[in-house]
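Coordinate analysis (summary)
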Amino acid sequence: MNKEVGSDEFTGRTALVTGGGTGIGRATARRWAAGGGHVTVLGRREEPLRATVELIEAAGGSADAVACDVRDPAAVETAVDRAAERAGRLDVLVNNAAGNFVAAGEDISPGGWKAVIDIVLNGTFHCTRAAARHMLDQGSGSVLNVIASYAWHGHPGTAHSAAAKAGVLAMTRSLAVEWAPRGVRLNCLAPGPTETEGASAALWPTEAARARVLASVPAGRFTTPEEVAESAAFLISDRAAYITGEVLTVDGGQWLGKSVYTDERVRT
Ligand SMILES: CCCCC/C=C/C(=O)SCCNC(=O)CCNC(=O)[C@H](O)C(C)(C)COP(=O)(O)OP(=O)(O)OC[C@H]1O[C@@H](n2cnc3c(N)ncnc32)[C@H](O)[C@@H]1OP(=O)(O)O
Ligand SMILES: NC(=O)C1=CN([C@@H]2O[C@H](COP(=O)(O)OP(=O)(O)OC[C@H]3O[C@@H](n4cnc5c(N)ncnc54)[C@H](OP(=O)(O)O)[C@@H]3O)[C@@H](O)[C@H]2O)C=CC1
């Protein structure tokens, strides 16, 4: 495996990444494994999970996969216990799994609302609760919850996801204080528009939609799953040992927005 900066910082540790078969989850799992740690990737579909494991193993890393729906608390508990037992401990949980679609508030059906809240908010709680039992017993651990900046500024068109991510943020801050004396840290990472198949299909399925999203980013570009994974790696590492209950936003300035005075049409 290629040696790189921090390439052994996760050696001897084990992580569980939900939604680890695709996008940001896959990149985060690969980054953890590149740092020498063992990673279990979790998701509903076996095929993308297997592909992540193959990529990691081909690079000389150590990984396994477990198929599980985060909405099922009993299945989550079994999956998390299995991940912890395989390595004898569980050091890191990355709650990255999510479901989303764009719909006007009045068009979101009760079933659609429930699906997103169940995956994002309830699923994050189920995974956190199951992982924390191991971490609190060990007296150490780190949980990273992947949210979005609309958790605090809201977002027309994805009210269900914004509400769910806001719940995750409040849960993160609550449990960060509760579990800090017992050695368990919790933080959030808020990526901006990131080129992934899931997000492209759900959120910018057409060229016009993609251009609108791009126009909202002061940095003028989408980010990549790998770039987001670097920030995730920092927050779950010991380099962030004194950071808990915090949000790191990695969005090219998107949520701050463009000042009207940076727009040529206003200046001239
Ligand atoms: C602009 C920059 C900000 C970017 C922030 C990004 C945030 C992200 O989260 S990106 C991640 C995107 N990735 C995904 O969404 C991938 C996973 N997605 C899914 O699994 C589905 O989209 C899911 C969320 C709908 C959940 O899947 P599942 O439980 O299998 O859902 P069902 O197909 O059974 O549908 C449940 C329910 O939802 C209604 N529904 C589904 N899609 C839509 C839609 N496009 N529009 C409106 N309603 C939808 C569906 O009709 C069902 O409701 P009922 O019919 O009432 O039962
Ligand atoms: N991409 C972007 O622009 C942004 C993304 N984010 C956040 O980043 C994270 C990753 O997003 P991204 O990589 O783009 O999206 P993806 O669609 O690639 O990833 C979502 C993952 O979640 C898994 N998943 C979905 N539902 C469930 C479930 N019920 N149980 C278990 N796993 C599930 C999916 O696997 P499977 O379908 O096999 O279950 C998939 O691997 C999400 O939390 C998202 O909200 C935040 C801001 C911007």
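Quick notes on the rules
Residues numbered from 1 in each chain as written. Chains lettered and ligands numbered in written order. Predicted model: local features only at pLDDT ≥ 70, side-chain atom pairs only at ≥ 80, totals over all residues. Heavy atoms only, no water. Helix = DSSP H or I, 4+ residues; strand = E, 2+ residues; numbered from the N terminus. Rg over C-alpha atoms; globule rule 2.2 N^0.38 Å. Buried < 20%, exposed > 50% of the residue type's maximum accessible area, 1.4 Å probe, protein only. Contact = heavy atoms within 4.5 Å. Areas by Shrake-Rupley, 256 points an atom, 1.4 Å probe, with all protein chains shown as cover. Near = heavy atom within 4 Å. Polar contact = N/O pair within 3.5 Å; in protein donor to acceptor, adjacent residues only side chain to side chain. Nonpolar A, V, L, I, M, F, W, Y, C, P; charged D, E, K, R; others polar. 1 Å grid on protein atoms, 1.4 Å probe; cavity = no way out; pocket = protein on both sides within 12 Å on 5 of 7 lines; lining within 4 Å. Points joined across faces, edges and corners; volume = space filled by probe spheres on them. pLDDT = per-residue confidence, 0-100. Axes fitted to C-alpha atoms, helices over the stretch in contact; angles between N-to-C directions. Parallel < 35°, antiparallel > 145°, perpendicular 65-115°, else oblique. Left-handed = near helix turned anticlockwise from the far one by under 90°.

1. Focus on the overall build of the protein
- From N to C terminus, the protein includes 10 helices and seven strands.
- A compact globule built from 268 residues would reach a C-alpha radius of gyration of about 18 Å, and the protein, at 18 Å, matches this within 12%.
- Counting only C-alpha atoms, the protein reaches 60 × 45 × 40 Å along its principal axes.
- Considering the protein as a whole, with its 268 residues, one finds that 48% of them fall into the buried category.
- In the protein, once contacts between residues fewer than 6 apart in sequence are set aside, the share between residues at least 24 apart is 72%.
- Roughly 12700 Å² of accessible area belongs to the protein as shown, and the carbon and sulfur atoms make up 54% of that amount.

2. Things to note about the site of ligand 2
- Not every one of the 27 residues close to ligand 2 is listed here, only the nearest: Thr22, Arg44, Asn96, Thr194 and Thr196.
- The contact in question runs from a nitrogen atom of ligand 2 to an N or O atom on the side chain of Asp69, over 2.9 Å.
- Taking 880 Å² as the accessible area of ligand 2 by itself, protein coverage stands at 90%.
- Counting residues per element, the ones that place at least two in the shell around ligand 2 are helix H1 (23-34) and helix H7 (197-203).
- Class assignment for the residues of the shell around ligand 2 results in 13 nonpolar, nine polar and five charged.

3. Some words on the environment of Ser237
- Along the chain, the position of Ser237 falls in the loop between helix H9 (225-236) and strand S7 (247-250).
- The class for Ser237 is buried, based on a relative accessible area of 1%.
- Counting along the chain gives 95 residues from Ser237 to Ser142, while the straight-line C-alpha distance between them is 8.2 Å.
- In this view, Ser237 contacts Glu9, Phe10 and Arg185; residues no more than four positions away in its chain are not counted.

4. Comments concerning empty space enclosed by the protein
- Tallied over the entire structure, the rule returns one cavity of 30 Å³ or more.
- By volume, the largest cavity is sized at about 40 Å³.
- Lining the largest cavity we find Thr18, Val70, Asn95, Asn96, Ala97, Ile119, Gly123, Thr124 and Cys127.
- Among the elements that make up the lining of the largest cavity, the one with the highest residue count is helix H4 (residues 110-138) (four residues).

5. So, the confidence of the model for the protein
- Scored by pLDDT, the protein has a mean of 94; 94% of the residues are at 70 or more.
- Counted against residues more than four places away or in other chains, residues 1-6, with its pLDDT under 50, gives nine contacts.
- Scored by ipTM, the complex comes to 0.98, with pTM at 0.96.

6. Some thoughts on the site of ligand 1
- With respect to spatial proximity, 16 residues lie near ligand 1, and among them Arg44, Arg71, Asn100, Ser109 and Gly112 are the closest.
- Here an oxygen atom of ligand 1 and a side-chain polar atom of Arg71 are 2.8 Å apart.
- Asn100 has a polar backbone atom sitting 2.8 Å from an oxygen atom of ligand 1.
- Computed on the free molecule, ligand 1 has an accessible area of 1100 Å², of which 57% lies beneath the protein chains in the complex.
- Per element, the largest residue contribution to the shell around ligand 1 is four residues, and it comes from H4.
- Residue composition of the shell around ligand 1, by class: seven nonpolar, seven polar and two charged.

7. Here we look at the packing of H4 against helix H6 (residues 159-179)
- Relative to each other, H4 and H6 sit at 20°, their axes nearing to 8 Å. Relative to H6, the element H4 is oriented roughly parallel. Relative to H6, H4 is oriented so that their crossing is right-handed. Where H4 approaches H6, its residues Gly112, Trp113, Val116, Ile117, Val120, Leu121, Thr124, Phe125, Thr128, Ala132 and Leu136 are matched on the opposing element by Ala159, His160, Ser161, Ala163, Ala164, Lys165, Gly167, Val168, Met171, Leu175 and Trp179.
- Taken together, the residues that form the contact of H4 with H6 break down as 15 nonpolar, six polar and one charged.

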